[in-house]
Amino acid sequence: MPFRLFDAPEREPSQSVGFAGNLIDRQSENRSDDSVEKALEDPGARVMLMREGRLLLKRIEDRFDAHFLLNECDPLETRLDDAILLGFDESGPILAAPCLLDTERLPETIKAIDHRSIYIQGLIDPAALGALAQGAALLSWHASHGYCGRCGHRTEMRAGGYRRRCSACNTEHFPRTDPVAIMLSVTADRCLLGRGKHFAPGMYSALAGFIEPGETIEAAVRRETFEEAGIRLGRVVYHASQPWPFPYSLMIGCFGEALSEDISADMNELEDCRWFSRDEVLAAMAGNHPGGVFVPPSGAIAHHLIRHWAESE
Ligand SMILES: [Zn+2]
């Protein structure tokens, strides 16, 4: 009998969410200041091209490919000077780079599609979607950290894109990941769902909010739930996480045990917030809720939290 850690499942819940399928071997311990140059000398190098929140995709028969060879990058006005090294797969290095070519001037066979649509429509395989999360988060961070937060001078990319260094004061700046708690508050037979003002009509989801400095995940889950819905939570347990490249968050999915059921919703944050029975949630997931309520798509961590609770005993 092999050693087993706790009762953890063989397949982690995080492996089922969108943006979580990254298979790239990052080789973070080998990053150096010439990582990108070396990678670009490799004939197997492939680049993921991004422009203003969109990923370029090559149409190959009935599927899309997000990887461009170096000779394909040139005509698309790719900024290889700003490329970052994501890591390696069995064919060689994979990079991400900004591309400047106006999307209206792209050839027929190449489409520039926004990251959210790629994710919702499942246009690329889970591994490429995971690589997109990595590349999009890093490129966004570089695009907004060109100047030193300490002295205001220009910063320069280092370590294959995993660091920036100030040219004047030598301060090193590291890429950000912003943690967001997303939580499903539950009782034995009901769960709490809310509607943001920007949601599509009929959609309800788990509540969410940024984790603040000096706060544990559990404390953030309790605070956000109380602030947004007026519900006090007892025990909080972690379920799964999801990289969320809008621009560089990590969604941390939890369940919270509701101690009260009287909702006092913050109408600045939410348009509606209410309890849903298990049957109602199952109907919403199956697309046959009588009131037209539905939940986020299957790649979303909110969907997994809701499904996991609805299908539990
Ligand atoms: Zn500086």
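Thresholds applied
Residues numbered from 1 in each chain as written. Predicted model: local features only at pLDDT ≥ 70, side-chain atom pairs only at ≥ 80, totals over all residues. Heavy atoms only, no water. UniProt positions renumbered as here; feature names shortened; annotations may be inferred. Helix = DSSP H or I, 4+ residues; strand = E, 2+ residues; numbered from the N terminus. Rg over C-alpha atoms; globule rule 2.2 N^0.38 Å. Buried < 20%, exposed > 50% of the residue type's maximum accessible area, 1.4 Å probe, protein only. Contact = heavy atoms within 4.5 Å. Salt bridge = Lys/Arg side-chain N within 4 Å of Asp/Glu carboxyl O. Domains from an automatic or database assignment. Buried area = accessible area lost by both parts, 1.4 Å probe. Donors = N, O, S within 2.8 Å, 3.2 Å for Na, K, Ca; no water. Tetrahedral: all angles 85-135°; square planar, octahedral: opposite > 155°, others 65-115°. Pairing = 2+ DSSP bridges. Axes fitted to C-alpha atoms, helices over the stretch in contact; angles between N-to-C directions.

In the annotation of an unreviewed UniProt entry, the entry for the protein chain reads NAD(+) diphosphatase, and the organism field reads Mesorhizobium alhagi CCNWXJ12-2. Regarding the protein chain, the UniProt comment filed under Sequence similarities (unreviewed entry) reads as follows: "Belongs to the Nudix hydrolase family. NudC subfamily."

Student: Please explain the overall build of the protein chain as it appears in this structure.
Tutor: When helices and strands are counted, the protein chain shows 7 helices and 16 strands. A compact globule built from 313 residues would reach a C-alpha radius of gyration of about 20 Å, and the protein chain, at 22 Å, matches this within 12%. Out of the 313 residues in the protein chain, the part that is buried amounts to 47%. The long-range fraction of contacts in the protein chain, counting pairs at least 24 apart against all pairs at least 6 apart in sequence, stands at 64%.

Student: Is there a simple way to think about the pattern of salt bridges in this case?
Tutor: Side chains that differ in sign of charge can pair as their charged atoms come close. Per the stated rule, a full pass over the model turns up 19 salt bridges. Of the charged contacts in the structure, one is a salt bridge between glutamate 156 and arginine 158, with a shortest N-O distance of 3.3 Å. Its relative accessible area of 38% is what places glutamate 156 among the partly exposed residues. The partner of glutamate 280 in a salt bridge is arginine 274, with the nearest N and O atoms 3.3 Å apart. Sharing partners across several salt bridges, the network here consists of Asp33, Glu156, Arg158, Arg163 and Glu172.

Student: What is the right way to read the UniProt feature "domain: Nudix hydrolase" (unreviewed entry) in the protein chain from this model?
Tutor: Per the UniProt record, "domain: Nudix hydrolase" (unreviewed entry) is annotated on residues 175–301. Helix makes up 18% of residues 175–301 and strand makes up 39%, while its end C-alpha atoms are separated by 23 Å.

Student: Could you clarify how one ought to interpret the domain arrangement of the protein chain in this entry?
Tutor: By a widespread convention, an interface's size corresponds to the accessible area lost as its parts come together. On domain assignment, one finds that the protein chain holds domain 1 (13–145) and domain 2 (178–311). In this complex, domain 1 contributes 18 residues to the contact, which on the side of domain 2 involves 17 residues. Regarding the contact of domain 1 and domain 2, the summed buried area is about 1300 Å², with carbon and sulfur atoms giving 68% of it. The three residues of domain 1 that bury the most area against domain 2 are Val17, Phe19 and Tyr119, which together make up 34% of that side's buried surface. Remark: the boundary between domain 1 and domain 2 carries 0 salt bridges. Looking at the side of domain 1 that touches domain 2, the elements with two or more residues in it are helix H3 (115–121) and helix H4 (126–143). Ranked by residue count, the leading element in the side of domain 1 that touches domain 2 is H4, at 5 residues.

Student: It is not clear to me how helix H6 (residues 278–286) should be interpreted in this structure. Could you clarify?
Tutor: Turn by turn, an α-helix covers 3.6 residues, leaving residues three or four places apart pointing in a common direction. Those residues of H6 that sit buried are Arg278, Val281, Ala283, Ala284 and Met285. Residues of H6 that are buried in the fold lie against strand E12 (190–196), strand E16 (270–277) and helix H7 (301–310).

Student: Teacher, can you tell me more about the coordination of the zinc ion here?
Tutor: Ideal coordination angles are 109.5 degrees for a metal with four donors arranged tetrahedrally and 90 or 180 degrees for a metal with six donors arranged octahedrally. Around the zinc ion, the donor atoms from the protein are Cys148 (SG), Cys151 (SG), Cys166 (SG) and Cys169 (SG), and they sit 2.3 to 2.4 Å away. For the zinc ion, the 4 donor atoms are set out with angles of 99 to 116° between them, so the coordination reads as tetrahedral. Read N to C, the donor residues that coordinate the zinc ion are spaced as C-x2-C-x14-C-x2-C. With cysteine 148 in the loop between H4 and strand E8 (155–158) and cysteine 169 in the loop between strand E9 (163–166) and strand E10 (172–173), this pair connects stretches of sequence that are 21 residues apart. Given a relative accessible area of 5%, cysteine 148 falls into the buried group.

Student: Explanation requested: the pairing of strand E1 (residues 46–51) in the structure shown.
Tutor: In terms of residue burial, E1 counts as a mostly covered element, since 6 of its 6 residues are buried. By the alternation rule, side chains of E1 split into Arg46, Met48 and Met50 and Val47, Leu49 and Arg51, which are all buried. Note that E1 and strand E4 (residues 68–69) share 2 bridges and pair antiparallel. When the bridges of E4 are listed, arginine 46 appears paired with leucine 69. For E1 and strand E6 (residues 92–98), the ladder comprises 5 bridges, and the chain directions are parallel.

Student: Mind showing me how you'd approach the sheet that holds E8 here?
Tutor: Whenever strands of a sheet pair, they do so through backbone hydrogen bonds, lying parallel or antiparallel. The 3 strands lie next to each other as E8-E9-E10, forming an open sheet whose pairing is antiparallel. The sheet terminates laterally at E8 and E10, the two strands that pair on one side only. Relative to E10, E9 runs antiparallel, the two being bridged by 2 bridges. Residue pairing in the sheet places arginine 164 in a bridge with histidine 173 of E10. The strands touched by H4 are E8, E9 and E10; relative to E9, the strand with the most contacts, the crossing angle is about 15°.

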